[in-house]
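Reading the structure
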Amino acid sequence: MLLQPVILSGGSGTRLWPLSREKHPKQLLSLFNNETMLQATAQRVRKFQGEIEVSPKLIVVCNEEYRFITAEQLREIDYQNCALILEPFGRNTAPAVTLAALNACAEDQDSVLLIMPADHVIADEEKFHAVVANGLPQALQGAMVTFGIVPTRPETGYGYIEIGESINGGAPVALKNFVEKPSHEVAQQYVASGDYVWNSGIFMMRASVWLKAIQHFNLAMYQACEKSIREAKVDCDFVRIDKTAFAECPSDSIDYAVMEKLANTPELGIRGCVVPFDAGWSDVGAWDAVWQVSDKDAQGNSARGDVIMEDSKDCLVISDSRLVACLGLEDVIVVETPDAVLVTNKQNTCNIKRIITRLKDNNYLQTDNHRKVYRPWGHYDSVDSGEHFQVKRIVVKPGGSLSMQLHHYRAEHWIVVSGTARVTRGDDILHLNANQSTYIPLGVKHRLENIGTIDLEVVEVQSGTYLGEDDIVRFGDIYGRVE
């Protein structure tokens with residue numbers, strides 16, 4: 001029986017703003033080492049030892065908005081066999097698991113799904129592998145398995161699971177009840193009793209068992225997902241589900257849709273069980289959680305980037321683009337990016353959504369994307385802008401190509417800094433090297449390609465009456481973009 005890894009990568013992680021943005025969420029960030037959290041999650045399932053046979057295919061459910069950077073990050077760690085199921089919009093975790101289960105069963109494999117959020121940190125991977133092995137026999141026998149974190153403190157930011165007696169004298173225990181995020185007083189009672197664990201959001205079950213449960217508890221969700229997958233279009237690793245069918249899908253979480261109802265539905269014949277584990281887990285839900293799991297100096301400070309700390313303690317300071325100097329701070333979070341800076345005390349990190357709301361109400365672009373925007377061909381960085389002009393630094397990967405396009409309201413000047421460019425400009429084909437340039441008049445079809453073996457770096461100066469990214473008409477694109 002294959003263990004089928006499924007990574008849920010659809011969250012936005014707004015509480016980690018300004019590093020996390022709607023189109024570049026926290027699972028795509030590298031917060032602790034050279035790997036992003038998505039990459040660390042994918043690597044985690046490669047390291048299983050012993051009798052567990054892991055499917056060579058990786059199923060990832062993500063939003064189509066960041067499909068290219070997701071695919072690129074998996075390519076960087078040499079994942080060659082992926083099914084990236086693209087959600088046109090979020091519908092929470094229960095539909096995401098349903099799509100993954102249908103995708104697995106489409107290949108006539110009733111595999112055991114290991115459902116993992118992409119944005120969790122697990123310090124002790126050997127312990128994680130051991131608890132998965134402990135829960136696997138229950139999943140093979142038709143149970144729905146969840147993994148509960150042994151609480152280390154009376155945490156009010158997590159949901160809890162009430163656990164029962166041991167099953168067959170082993171590590172799995174009976175699942176009695178899911179409970180919502182408690183008050184501090186109630187959380188203290190939960191921890192003191194020893195009968196509660198944190199809800200990790202990690203699950204394991206046969207694909208057919210999940211589909212049986214979702215048909216029973218929410219038939220409309222199953223039908224919308226089934227039609228979405230049945231009418232999907234497969235484009236390389238991308239599984240583009242049918243947007244119209246998915247729009248009819250109800251939104252619900254795994255917990256609400258299924259897990260909380262199992263104990264009260266014995267006629268369904270599906271048991272719920274919990275495998276407790278203590279492996280240095282964190283869902284990194286806010287900046288104070290990032291500080292908790294980060295390496296610290298003798299004063300309790302964690303710093304990344306060009307940071308100077310003086311007479312400060314228990315702080316998290318992240319610099320992305322410039323020097324940040326901190327003097328006389330305690331329990332403070334500072335996060336600097338090229339276009340936004342966050343300063344808060346650790347007690348307020350759960351309230352960052354209030355800042356996001358104000359930014360959106362006032363049409364700030366910093367909630368949507370970074371100044372550096374990733375594309376399938378590489379990335380661009382908006383270096384400067386003013387009335388009727390904008391300057392970008394464009395980096396195109398070897399073999400990468402922008403679409404054949406034109407603009408109605410702007411002209412463009414391209415200056416090659418490094419690499420070799422092939423430029424299509426109307427009927428002309430130009431080959432440009434470092435220190436050479438060209439001009440693209442308004443309304444002329446054009447394309448930029450990297451035909452060299454190193455990154456092509458170009459400075460683009462736009463001028464015109466309107467410089468928005470929606471002023472683009474595509475005539476051909478090797479990445480399937482049509483907008």
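Above this note sits the structure.
Right, let's get into the side chain of Glu125. Take Glu125: it is sitting in helix H4 (residues 125-140). Take Glu125: its relative accessible area is 19%, and that puts it in the buried class. A distance of 3.2 Å separates polar atoms of two side chains, one belonging to Glu125 and the other to Lys47.

For helix H2 (residues 67-76), the buried fraction is high: 7 of the 10 residues fall into the buried class. Close packing links the buried residues of H2 with helix H1 (37-44), strand E3 (58-63), strand E4 (82-87), strand E12 (238-240) and strand E21 (372-375).

This model, assessed by the stated rule, comprises 23 salt bridges. In this structure, Glu22 and Lys360 form a salt bridge, with 2.3 Å as the shortest nitrogen-oxygen distance. Placement of the pair is Glu22 in the loop between strand E1 (2-9) and H1 and Lys360 in helix H11 (residues 352-361), with a sequence separation of 338 residues. A single network of salt bridges, built from pairs that share partners, joins Lys23, Glu65 and Asp368.

Sheet architecture is open: 6 strands sit in the order E21-E22-E23-E30-E25-E28, paired in antiparallel fashion. Edge positions in the sheet fall to E21 and strand E28 (437-440), since each of these pairs with one other strand and no more. Across the sheet, the mean angle separating the axes of adjacent strands is 20 degrees when strand polarity is ignored. Looking at chain direction, E21 and strand E22 (residues 378-386) are connected through 4 bridges and run antiparallel. Directly across from Tyr374, in E22, lies its bridge partner His379.

The next point concerns the packing of aromatic side chains. Within this structure, the stated rule accounts for 11 aromatic pairs. Note on Tyr158 and Trp198: the rings are 4.8 Å apart at their centroids and 65 degrees apart in plane angle, and the pair reads as edge-to-face. Taken together, the residues span a long stretch of sequence, with Tyr158 in the loop between strand E7 (144-149) and strand E8 (160-166) and Trp198 in strand E10 (residues 196-206) at a distance of 40 residues. In this pair, the class of Tyr158 matches that of Trp198, namely buried. With centroids separated by 6.2 Å and ring planes inclined at 85 degrees, the aromatic side chains of Tyr409 and Tyr466 adopt a geometry described as edge-to-face. One end of the pair, Tyr409, is in the loop between strand E24 (404-406) and strand E25 (410-418); the other, Tyr466, is in the loop between strand E30 (456-464) and strand E31 (473-476), with 57 residues separating them in the sequence. Residue Tyr409 is classed as partly exposed on the basis of its relative accessible area, which comes to 45%. Of the aromatic side chains, those joined through ring pairs into one cluster are Phe68, Phe238 and Tyr479. We note Lys346 situated over the ring of Trp291; from NZ or CZ to the ring centre the distance is 3.1 Å. Against the face of Tyr380 rests Lys392, its NZ or CZ located 4.0 Å from the ring centre.

Below, the discussion takes up the sheet that holds strand E19 (residues 332-337). Pairing in this open sheet of 4 strands is mixed, and the strands run E15-E17-E19-E20 from one edge to the other. Taken across any chain shown, the strands that pair with only one partner, and hence form the sheet edges, are strand E15 (302-304) and strand E20 (340-345). Neighbour-to-neighbour, the strand axes of this sheet turn through a mean angle of 5 degrees, independent of strand direction. Where E19 and E20 come together, 6 bridges link them in antiparallel fashion. Each residue of the ladder has a partner; that of Val334, found in E20, is Val343.

The rules we used
- Residues numbered from 1 in each chain as written.
- Predicted model: local features only at pLDDT ≥ 70, side-chain atom pairs only at ≥ 80, totals over all residues.
- Heavy atoms only, no water.
- Helix = DSSP H or I, 4+ residues; strand = E, 2+ residues; numbered from the N terminus.
- Buried < 20%, exposed > 50% of the residue type's maximum accessible area, 1.4 Å probe, protein only.
- Polar contact = N/O pair within 3.5 Å; in protein donor to acceptor, adjacent residues only side chain to side chain.
- Contact = heavy atoms within 4.5 Å.
- Salt bridge = Lys/Arg side-chain N within 4 Å of Asp/Glu carboxyl O.
- Pairing = 2+ DSSP bridges.
- Axes fitted to C-alpha atoms, helices over the stretch in contact; angles between N-to-C directions.
- Phe/Tyr/Trp six-rings, centres within 6.5 Å; stacked < 30°, edge-to-face > 60°.
- Lys NZ or Arg CZ within 6 Å of the ring centre and 35° of its normal.

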